[in-house]
Amino acid sequence: MGGDPLSGHPFFVRLARAGQRLREVDRRHPWILDTAVVAVVFLVFCLPDLVHGDGDRGPREHRIVFTELPVPAMLALQAGLVLPLLWRRRRPTAAFAVVMAVFVLQWSIGAALRADVALLVALYSLALHGRLRDLAWACAAVALGMAVVAVRVSSAVSVWDGLFFLFAAVTAAVALGIAVRVRRAQLAGLRERAARLEVERDQRSRLAAATERTRVAREMHDIVGHNLSVIITLADGGAYAAEASPERGREALVLIGDAGRQALGELRRMLGVLRERGGGGPELAPQPGITDIDGLCARMRAAGPRIAYRSEGELDGLDRGVQLMAYRIVQEALTNSLKHAGRETRARVTVAVDGDRLRVRVDDSGPPGRAAGPRPGGEGHGIAGMRERAALYGGTVVAGPAGGGWSVVADLDLSPVPDAAGLPDAAGLSNGAGLPGGAGGPA
């Protein structure tokens, strides 16, 4: 396995969990950590000065003599150094300024306190929580203060050695603060990116669900709308022919049953792909193609219209997605002709390949004795759906009155698409198991 082997060690796992719990407590009660820092600094650095209070520091031969302070003065200076740390995170610049002022005052009177470590803590907090432009002047002020300290202890340590050690401590405090600040910024950026990716994932899921719903809606429109139009027309014709010619009435009933069974089978295949596949999954069949247009015209003829179908060019080698699209356009156009022009209309269907273009044309003669004009309900969702289907292949659909009837002309582009995976129907429909893209509704 990759990664750091120590990261999975139980000790480091428990340490990470403890750190997480401490961060949660600090977020809820930030004053606890601030008070703890002040308490630790007082116990470790202030209390020894109060107990021992020796102003002479260093070896006997190089003893440094500092000013002896009474306890009240020492407590006052320690309080000025330590108490501002309570605001080191909320007001880092102000806390540092107070600590620096007390530090300068203390060394100006020649006193030395272990509580001076509070200056490094305040500088670290300024680098971590404060404005970076304030850090520059803070470092300059600390450098001047450390130079004063180096000169004051020059009787025991050379000025350059003193400056080296003092500046090393200051640099460590600033570097640690900046490092922690950068790390926190990186983690915040990663969390923000993860949240943004999660939102984008949810949006993609919702878009995919919406696309799937529109695909199902279009197929429902094509299947149910077409077959119901045929069934209604056959039922009306059979009702009129039942008294005069019972044989024609029985023939209409047989055709109605065939159309209903075909619609039911197509609906089962379409809805079956929405379920989880298992051992008893639905039996899938290839989606209809151009070769099925003959059967479509035959079923429409049984409902009354006279339909002539003609094809040109090499149609069998077309992509399955293109074939399904051509079939659905013809189906929608003939369904609209039957619905609006009636059983007595004549229709002409032409499907032709011309170079890298596929042209589908459906013309009807309209209702007998009536002039051509806009059909009731306008174009409806069916024609809009045909246009969306054609647009997937860079094509167009033009529909409108023509020659006393209605004409639908579709022009599809057969040239190769650079990124075929980007088309919703290209892969899913070619194998017969996917759902076609687009949106449609009742015409």
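So, here's what we can say about the structure.

Scoring rules and cut-offs
- Residues numbered from 1 in each chain as written.
- Predicted model: local features only at pLDDT ≥ 70, side-chain atom pairs only at ≥ 80, totals over all residues.
- Heavy atoms only, no water.
- Core = buried A, V, L, I, M, F, W, Y, C linked by side-chain atoms within 4.5 Å.
- Buried < 20%, exposed > 50% of the residue type's maximum accessible area, 1.4 Å probe, protein only.
- Helix = DSSP H or I, 4+ residues; strand = E, 2+ residues; numbered from the N terminus.
- Salt bridge = Lys/Arg side-chain N within 4 Å of Asp/Glu carboxyl O.
- Axes fitted to C-alpha atoms, helices over the stretch in contact; angles between N-to-C directions.
- Parallel < 35°, antiparallel > 145°, perpendicular 65-115°, else oblique.
- Left-handed = near helix turned anticlockwise from the far one by under 90°.
- Contact = heavy atoms within 4.5 Å.
- Pairing = 2+ DSSP bridges.

Moving on: the nonpolar core. Core analysis: the biggest nonpolar cluster contains 39 residues, and Val330, Leu334, Val351 and Leu358 have the highest contact counts within it. A total of nine residues in this core trace back to one element, the largest contributor, which is helix H10 (residues 320–341).

Once that is clear, we can look at the pattern of salt bridges. Evaluated as defined, the whole model comprises ten salt bridges. With its nearest N and O atoms 3.1 Å apart, the salt bridge here joins aspartate 411 to arginine 357. One end of the pair, aspartate 411, is in strand E7 (residues 405–413); the other, arginine 357, is in strand E5 (residues 357–364), and 54 residues separate them in sequence. With a relative accessible area of 22%, arginine 357 lands in the partly exposed category. Via salt bridges that share partners, Asp354, Arg357, Arg359, Asp411 and Asp413 belong to a single interconnected network.

This next bit is on the packing of helix H4 (residues 92–108) against helix H6 (residues 132–152). Running from N to C, H4 and H6 point in directions that differ by 15 degrees, and their axes come no closer than 11 Å. Overall, the two elements H4 and H6 adopt an arrangement that is roughly parallel. Classified by chirality, the crossing of H6 by H4 is left-handed. Listed contacts from H6 to Thr93, Phe96, Met100, Phe103 and Trp107 of H4 are Asp134, Trp137, Ala138, Ala141, Val142, Gly145, Val149 and Arg152.

Judged from the seven bridges that link them, strand E6 (residues 396–402) and E7 form a sheet pairing that is antiparallel. Across the sheet, residue proline 401 finds its bridge partner in E7, namely tryptophan 406.

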